[in-house]
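Descriptive structure summary
Given next are the chains, with one letter for each unit.
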Amino acid sequence: MTTRPPSSPDSGAGERLAIAPAPGEQPQAATSAGAAGKSKRAIAGRPQASGSLWWLSLLSVTGFLLFWYAIVRFEIISQALLASPEQVLTTFISKLTSRAPDGATLGANFITSLKLCLTGYISAVCVGVPLGLIMGWFRKVDEIVKPLFEMIRPIPPIAWIPLAILWLGIGLPAKAYIIWLSAFVPSVINSYAGIKLTEPVLISVSRTFGATNWETFLKVGVPSALPMVFTGLRLSLSSAWMTLVAAELLAGSEGLGYMIQMGRTLARPDVIIVGMLTIGCTGAAMGYLLEKLERKLAPWRRS
Amino acid sequence: MAELTSRFRPKAHVLPIASLFLMVALWQLVVGTGNFGKALPSPMAVARQFWLMLFEPIGRTSLYGHIWASLVRVLSAFVVAIITGIPLGLLMGWNKKFEAMVKPIFEMFRPIPPIAWIPLAILWFGIDETPKIFICFIGAFVPVVMNAYTGIRFTEPMLLDAARMLGGNRRQLFTEVAIPSAMGAIFAGLQNGLSLSWMCVLAAEMVGAQEGIGYLILLGMDMSNPAMIITGMLLIGAIGAAIAVLLRYAEKRICPWKREISM
């Protein structure tokens with residue numbers, strides 16, 4: 001899985017596992033596919049593979065911004081529904097210091113959300129990854145845990161929100177619990193799949209050299225599963241981030257999700273868009289950092 | 001692989017079934033202690049609630065009406081996402097100029113979770129069907145585009161070269177080599193898109209709706225009826241799983257050359 005070219009059937013299947021999660025789990029699998037898409041592999045077959053096209057990109061982004069500006073400026077879409085890029089920028093700058101209209105500055109909202117997301121995410125990963133690895137390696141554990149896991153898996157984390165609120169109120173524990181769930185499922189699944197795809201030859205070799213099952217697990221299984229584990233970590237993170245927005249939207253009194261919700265209540269499209277962009281950028285930045293970390297920790301991943 | 005190393009076990013179903021039973025028994029037991037009061041209903045209470053909901057209308061419509069409402073939203077959004085997303089992804093993956101133009105704009109929108117669009121969607125479209133379909137559409141659109149794009153980009157160069165050597169023109173290369181080879185990735189994208197959009201419909205319905213399965217569990221919360229919430233959650237899970245199975249079946253029919261590894 002680590003050495004074969006990306007389109008060999010085996011790694012294709014592995015990839016598939018990563019990019020086709022069951023209904024319950026978070027979906028930004030696109031992220032993993034996207035990361036793969038960014039690999040430096042030259043696409044020999046693609047036509048017109050010459051010259052740099054950055055000017056086209058620049059042109060299209062400028063065109064997009066101009067278009068956006070124009071439809072608001074000339075009231076093709078009412079200002080009550082859409083803010084122009086310029087207004088968004090102004091709001092962004094003023095929101096850095098001003099508490100209006102939702103009661104906290106952008107920075108404070110951002111910190112609240114980030115803290116909540118990371119709390120849920122890190123605790124989920126600490127439980128989920130070892131669980132997935134152990135489930136994938138030890139048959140008995142698999143048979144006991146998997147039926148329970150399979151029952152929870154297809155239920156989207158968002159569907160837990162009412163129950164969590166009923167049980168834990170609308171404070172931090174309820175949200176942390178939902179985020180925990182949303183990050184837990186993909187990290188288990190990918191660790192599980194990763195260790196299941198360990199090259200049987202490697203296992204046999206290590207056994208031939210007299211390693212115990214536990215040693216083989218630690219020294220062969222886990223390292224070979226690491227790339228998939230990281231895919232899981234990325235999926236979990238984007239899942240956690242998305243669920244966080246939902247949780248704050250539905251039951252929050254602070255945070256970025258609450259901010260955009262307030263933006264809607266007060267009919268302030270500029271605030272909503274600032275919030276959405278902050279959410280998007282933060283999600284992308286966290287994904288990027290995780291990718292960096294992965295290169296450091298699992299450099300043998302194919303790229 | 002781990003299973004190669006363990007013995008063949010004819011009674012492989014014993015442990016899974018035992019563990020499920022144990023869980024239900026434990027659940028019943030925990031409820032029996034009475035520590036949870038009304039917050040956690042017993043499995044029996046959930047089953048009773050489910051039975052009741054099969055015949056009694058909830059809110060405006062029956063259980064089937066709620067399920068239907070959610071399904072219609074998801075499926076109509078999904079169809080639109082397929083019609084727009086797959087061609088967009090394929091074109092982006094095939095044509096460099098198109099990619100240079102569209103990709104940066106797409107990349108700007110991609111990291112924004114579909115749920116973060118809810119406030120804007122409500123502001124734009126009010127609270128009837130349109131915003132919900134819009135949210136589901138965004139949820140399905142991003143993975144569909146991304147996977148079609150990646151699928152095309154990962155076409156084996158050797159296959160393309162071979163086709164070219166055999167005299168295929170660009171259109172043939174695209175339709176007869178690149179698209180079939182991207183089919184697996186496209187289907188993976190559809191799976192993702194559908195499950196994401198199934199999740200989005202819940203969020204959208206929980207923010208403001210009068211029917212739908214997301215509304216159902218929210219109603220359960222408002223009425224402090226955990227049995228109703230749990231029934232709703234199990235239904236959501238079951239429908240989501242059923243949709244995924246159907247799509248996998250469609251994939252097997254449409255591209256039988258794809259190998260499967262199941263979790």
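Up top is the structure.
1. What about the overall build of chain A?
Secondary structure summary: chain A contains 12 helices and 0 strands in total. Going residue by residue from the N terminus, the α and β elements of chain A occur as α-α-α-α-α-α-α-α-α-α-α-α. The buried share among the 303 residues of chain A stands at 55%. Relative to all contacts within chain A whose residues are 6 or more apart in sequence, the contacts with residues 24 or more apart total 71%. Put simply, chain A shows about 12700 Å² of open surface, and 71% of that area lies on carbon and sulfur atoms.

2. Structural notes on the overall build of chain B
Secondary structure summary: chain B contains 11 helices and 0 strands in total. For chain B, the sequential pattern of α-helices and β-strands runs α-α-α-α-α-α-α-α-α-α-α. Relative to the compact-globule value of 18 Å for 263 residues, chain B shows a C-alpha radius of gyration of 23 Å, a clear excess of over 25%. The dimensions of chain B, computed from C-alpha atoms along their principal axes, are 75 × 60 × 30 Å. Sorting the 263 residues of chain B into buried and exposed places 54% on the buried side. For chain B, the proportion of contacts with a sequence separation of at least 24, taken over those separated by at least 6, is 70%. For chain B, the exposed surface amounts to about 12200 Å²; the carbon and sulfur share of it is 71%.

3. Describing the nonpolar core
Ile158 of chain A together with Ile115, Trp198 and Ile213 of chain B are the most contacted members of the largest nonpolar core, which has 148 residues in total. In terms of residue count, helix 9 (residues 170–207) of chain B provides more of this core than any other element does, 19 residues in total. Leaving out residues up to four positions away in the same chain, Ile115 of chain B has contacts with Ile158, Met242, Val245, Ala246 and Leu249 of chain A together with Ala203 of chain B.

4. Some details on the packing of helix 5 (residues 96–109) of chain B against helix 7 (residues 129–153) of chain B
Residues and elements named next belong to chain B. Running from N to C, helix 5 and helix 7 point in directions that differ by 145 degrees, and their axes come no closer than 13 Å. In the crossing of helix 5 with helix 7, the sense of the turn from one axis to the other is left-handed. Seen from helix 5, the contacting residues are Glu99, Lys103 and Phe106; seen from helix 7, they are Phe141, Val142, Val145, Met146, Tyr149 and Arg153.

5. What about the packing of aromatic side chains?
Aromatic rings in a pair are described by how distant their centres are and how their planes are angled relative to each other. Counted according to the given criterion, the structure contains 18 aromatic pairs over all chains. Members of the aromatic cluster, joined through ring pairs, are Phe64 and Trp68 of chain A together with Phe109, Trp117, Trp124, Phe125 and Phe134 of chain B.

6. Details of helix 7 of chain B
Along its 25 residues, helix 7 of chain B runs 36 Å from first to last C-alpha, staying within 8% of the 36 Å computed at 1.5 Å per residue. Burial within helix 7 of chain B is extensive, with 22 of its 25 residues counted as buried.

7. Some points on the packing of helix 6 (residues 139–152) of chain A against helix 8 (residues 172–196) of chain A
All names here are of chain A. In the contact formed by helix 6 and helix 8, the axes pass within 12 Å of each other and the chain directions differ by 140 degrees. As summarised for this structure, helix 6 and helix 8 are arranged oblique, according to the angle between their axes. Relative to helix 8, helix 6 is oriented so that their crossing is left-handed. On helix 8, the residues touching Asp142, Lys146, Phe149 and Ile152 of helix 6 are Leu181, Phe184, Val185, Val188, Ile189, Tyr192 and Lys196. Tallied by class, residues from the contact of helix 6 with helix 8 come to 8 nonpolar, no polar and 3 charged.

8. Some remarks on unusual backbone geometry
In this model, Glu75 of chain A sits at a positive phi of 60 degrees, which is unusual for a non-glycine residue. Phi is positive for Ser224 of chain B, which is not a glycine, with a value near 50 degrees.

What counts and what doesn't
- Residue numbers here run from 1 along each chain, matching the order of that chain's written sequence.
- Whichever chain is written first is A, and whichever ligand is written first is 1; the rest continue in order.
- In view of the model being predicted, local features appear only for residues whose pLDDT reaches at least 70, and side-chain atom pairs are presented and counted only at 80 or more, with totals across whole chains, interfaces and linings using the full set of residues.
- Working from all heavy atoms in the structure, the side-chain values ignore hydrogens and water.
- For helices the rule is a DSSP run of H or I covering at least 4 residues; for strands it is a run of E covering at least 2, with both sets numbered from the N terminus onward.
- Throughout, exposure labels follow a simple rule: accessible area from a 1.4 Å probe, protein chains only, divided by the maximum for the residue type, with under 20% read as buried, over 50% as exposed, and the rest as partly exposed.
- Residue contacts follow a heavy-atom distance rule, with two residues in contact if any of their heavy atoms lie within 4.5 Å.
- Accessible surface area values rest on a Shrake-Rupley calculation with a 1.4 Å probe, where residue burial reflects the displayed protein chains alone.
- Two things to know: the radius of gyration comes from C-alpha atoms, and the globule rule equals 2.2 Å times the number of residues to the power 0.38.
- Only buried Ala, Val, Leu, Ile, Met, Phe, Trp, Tyr and Cys residues count toward a nonpolar core, and they belong to the same one when joined by side-chain atoms within 4.5 Å.
- Each axis is a line fitted through C-alpha atoms, and for a helix only the stretch in contact is used; angles between axes span 0 to 180 degrees, taken between their N-to-C directions.
- Each crossing gets its handedness from the near helix: less than a right angle anticlockwise from the far helix is left-handed, clockwise is right-handed.
- Stacked, edge-to-face and tilted labels apply to pairs of Phe, Tyr and Trp rings (six-membered ring for Trp) whose centres lie within 6.5 Å, assigned for plane angles under 30 degrees, over 60, and everything in between, in that order.
- Take the number of residues in a helix, subtract one, and multiply by 1.5 Å to get its expected span.
- Small angles under 35 degrees read as roughly parallel and large ones over 145 as roughly antiparallel, with 65 to 115 read as roughly perpendicular and the rest as oblique.
- Charged residues are taken to be Asp, Glu, Lys and Arg, nonpolar residues to be Ala, Val, Leu, Ile, Met, Phe, Trp, Tyr, Cys and Pro, and polar residues to be all remaining types, Gly included.

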